[in-house]
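An overview of the molecular structure
One letter stands for each residue in the lines below.
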Amino acid sequence: MKRILTAVAAALFTSAALSGCIVAPPPAGYEVEVAPPLPGIVVLGDDPYYFHGGYHYYYHDDRWHYARSRGGPWRELPRDRWPRETRFRGGGGGWGEHGHH
């Protein structure tokens, strides 16, 4: 009897534990894509765009965005993928003077 209770308890525990691991597919037309992290230091030129790892990055209002093409659509880059520091060559052209993170 003890073996049966142990087996039933193990089966219940396993089914409960695995039920939290089910992943539903995303809705049709929905893409999950996150660009690779930027290098530790990014130096921007005359405009706020940067290309790295097959993605275009855009720096605006102290935030980074990314897209597969320079025309967008732009998504906000997760903060853990931002560079440690953003530098501006030639004064930054008036956009994002607060570029150090």
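Everything numeric here is computed off the predicted structure, so don't read it as measured data. (Residues numbered from 1 in each chain as written. Predicted model: local features only at pLDDT ≥ 70, side-chain atom pairs only at ≥ 80, totals over all residues. Heavy atoms only, no water.)

Right, let's talk about unusual backbone geometry for a bit. The omega angle of the peptide bond from Gly 72 to Pro 73 is 5°, so this bond is cis rather than trans. Relative to the assigned elements, Pro 73 resides in the loop between strand S4 (63–67) and strand S5 (75–76). For Asp 61, which is not glycine, the phi dihedral falls at a positive 50°. Residue position: Asp 61 is located in the loop between strand S3 (55–60) and S4. If you check the backbone angles, Asp 62 has positive phi at about 60° while not being a glycine. Mapped onto the elements, Asp 62 comes out in the loop between S3 and S4. Assessed through its relative accessible area of 29%, Asp 62 is described here as partly exposed. (Helix = DSSP H or I, 4+ residues; strand = E, 2+ residues; numbered from the N terminus. Buried < 20%, exposed > 50% of the residue type's maximum accessible area, 1.4 Å probe, protein only.)

Moving on, we get to the pattern of salt bridges. Using the criterion set out here, one finds three salt bridges in the structure. One salt bridge in this structure joins Arg 63 and Glu 76, with 3.0 Å as the shortest N-O distance. With Arg 63 in strand S4 and Glu 76 in strand S5, this pair connects stretches of sequence that are 13 residues apart. Residue Glu 85 is joined to Arg 87 by a salt bridge in which the shortest nitrogen-to-oxygen separation is 3.0 Å. According to the relative accessible area criterion, Arg 87 is partly exposed, its value standing at 37%. (Salt bridge = Lys/Arg side-chain N within 4 Å of Asp/Glu carboxyl O.)

Glancing now at the nonpolar core. In this structure, Ala 35, Leu 38, Val 42, Leu 44, Tyr 55, Tyr 57, Tyr 59, Trp 64, Tyr 66, Leu 77, Trp 82 and Phe 88 together form the largest nonpolar core, which totals 12 residues. When contributions to this core are tallied by element, the ones reaching two or more residues are strand S1 (41–44), S3 and S4. Per-element accounting of this core gives the leading share, three residues, to S3. (Core = buried A, V, L, I, M, F, W, Y, C linked by side-chain atoms within 4.5 Å.)

The next subject is the packing of aromatic side chains. One pass over the full model with this rule turns up six aromatic pairs. Between Tyr 58 and Trp 74, the ring centres sit 5.6 Å apart and the planes meet at 45°, which makes this aromatic pair tilted. Of the two residues, Tyr 58 sits in strand S3 while Trp 74 sits in the loop between S4 and S5, which places them 16 residues apart along the sequence. Grouping aromatic residues by their ring pairs yields a cluster made of Tyr 49, Tyr 58 and Trp 74. (Phe/Tyr/Trp six-rings, centres within 6.5 Å; stacked < 30°, edge-to-face > 60°.)

Such coordinate-based values are descriptive only and should not be taken to indicate function.
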